[in-house]
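# Observations on chain architecture
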Amino acid sequence: MNEILKYDKDFSESKFITYVNNVFIQIYTSLMTKEIENIKHFVTDDVYEQLKQKVDILNQKGLIQMYDELNVAKTDILHYQVEDNQMIIQVMILSRYLDYLIDLDGNYVSGNRDSRVSRNNYLTFTKKIDFQAVDTVNKCPGCGASIDVNASGICPYCGTVYNQEDKNWILSSMNLE
């Protein structure tokens, strides 16, 4: 942890865990709604493509993946390190949710919709050592309007994606169970 604090003096473990949980919930929500463009600013291009591929496969099959009653039961930081001009934090999230598939008409197809499953999810977040401090109000790089990066990270006025890669922690890998 001291190594992270050396480069990010404002780092707070509790704020980081809150951020990680928020990103996790938004990712699974975007998979259900098939609106993964809403989380593009939280993830690397590789993770985005992995999620897009999952949605594309579901679309080809005419299915929607449901994660009803999704919650984060526990989040543990497993490892901190600094490497190649970036800070890296690995976390494990214990999540619980109803895991099932429906068709495009909302009809149940398969899976567990009666009791929650518990899953250990392993995620890696990275942040550049030479990151730019985040302002209290985020401004769209396209038009300068105030933007809520927790809502979608997409400017409602000009459509520009607010890229957090130079400013905040970015999800660089995750398992999809």
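## A word on helix H2 (residues 13-33)
For H2, with 21 residues, the first-to-last C-alpha span of 30 Å sits near the 30 Å given by 1.5 Å per residue. Two residues or fewer past H2, Lys-34 is found with a positive phi of approximately 60°.

## Regarding the nonpolar core
In this structure, Phe-16, Ile-27, Phe-125 and Trp-169 are the most contacted members of the largest nonpolar core, which totals 40 residues. Elements with a contribution of two residues or more to this core: H2, helix H3 (45-61), strand S1 (63-83), strand S2 (86-103), strand S3 (108-128) and strand S6 (170-174). When residues of this core are assigned to their parent elements, the largest contribution, 10 residues, is made by H2. Leaving out residues up to four positions away in the same chain, Phe-16 has contacts with Phe-11, Ile-77, Ile-89, Val-91, Phe-125 and Trp-169.

## Description of H3
Helix length check: H3 (17 residues) gives 24 Å between terminal C-alpha atoms against 24 Å at 1.5 Å per residue, within 8%. Among the residues making up H3, those that are buried are Val-47, Tyr-48, Leu-51, Val-55 and Leu-58. One side of H3 carries all its buried residues, which in axial view fall inside an arc of 100°. Exposed residues lying more than 90 degrees from the buried face of H3 are Asp-45, Asp-46, Gln-53, Gln-60 and Lys-61. At its buried positions, H3 is contacted by H2, S1, S2 and S6. Gly-62, located one to two residues past H3, shows a positive phi value of around 70°.

## Let's talk about the packing of aromatic side chains
Applying the stated criterion across every chain yields a total of 12 aromatic pairs. Note on Tyr-19 and Phe-125: the rings are 6.3 Å apart at their centroids and 65° apart in plane angle, and the pair reads as edge-to-face. Of the two residues, Tyr-19 sits in helix H2 while Phe-125 sits in strand S3, which places them 106 residues apart along the sequence. For the pair Tyr-19 and Phe-125, a shared accessibility class is recorded, and that class is buried. Cluster of aromatic residues (ring-pair linked, three or more members): Phe-11, Phe-16, Tyr-19, Phe-42, Tyr-80, Phe-125 and Trp-169. Its end group placed over the ring of Tyr-48, Lys-40 keeps NZ or CZ at 4.7 Å from the ring centre. The cationic tip of Arg-113 hangs over the ring face of Tyr-108; the distance from NZ or CZ to the ring centre is 3.9 Å.

Conventions used here
- Residues numbered from 1 in each chain as written.
- Predicted model: local features only at pLDDT ≥ 70, side-chain atom pairs only at ≥ 80, totals over all residues.
- Heavy atoms only, no water.
- Helix = DSSP H or I, 4+ residues; strand = E, 2+ residues; numbered from the N terminus.
- Expected span 1.5 Å × (residues − 1).
- Core = buried A, V, L, I, M, F, W, Y, C linked by side-chain atoms within 4.5 Å.
- Buried < 20%, exposed > 50% of the residue type's maximum accessible area, 1.4 Å probe, protein only.
- Contact = heavy atoms within 4.5 Å.
- Arc of directions from axis to C-beta.
- Phe/Tyr/Trp six-rings, centres within 6.5 Å; stacked < 30°, edge-to-face > 60°.
- Lys NZ or Arg CZ within 6 Å of the ring centre and 35° of its normal.

Purely geometric numbers; function is a separate question.
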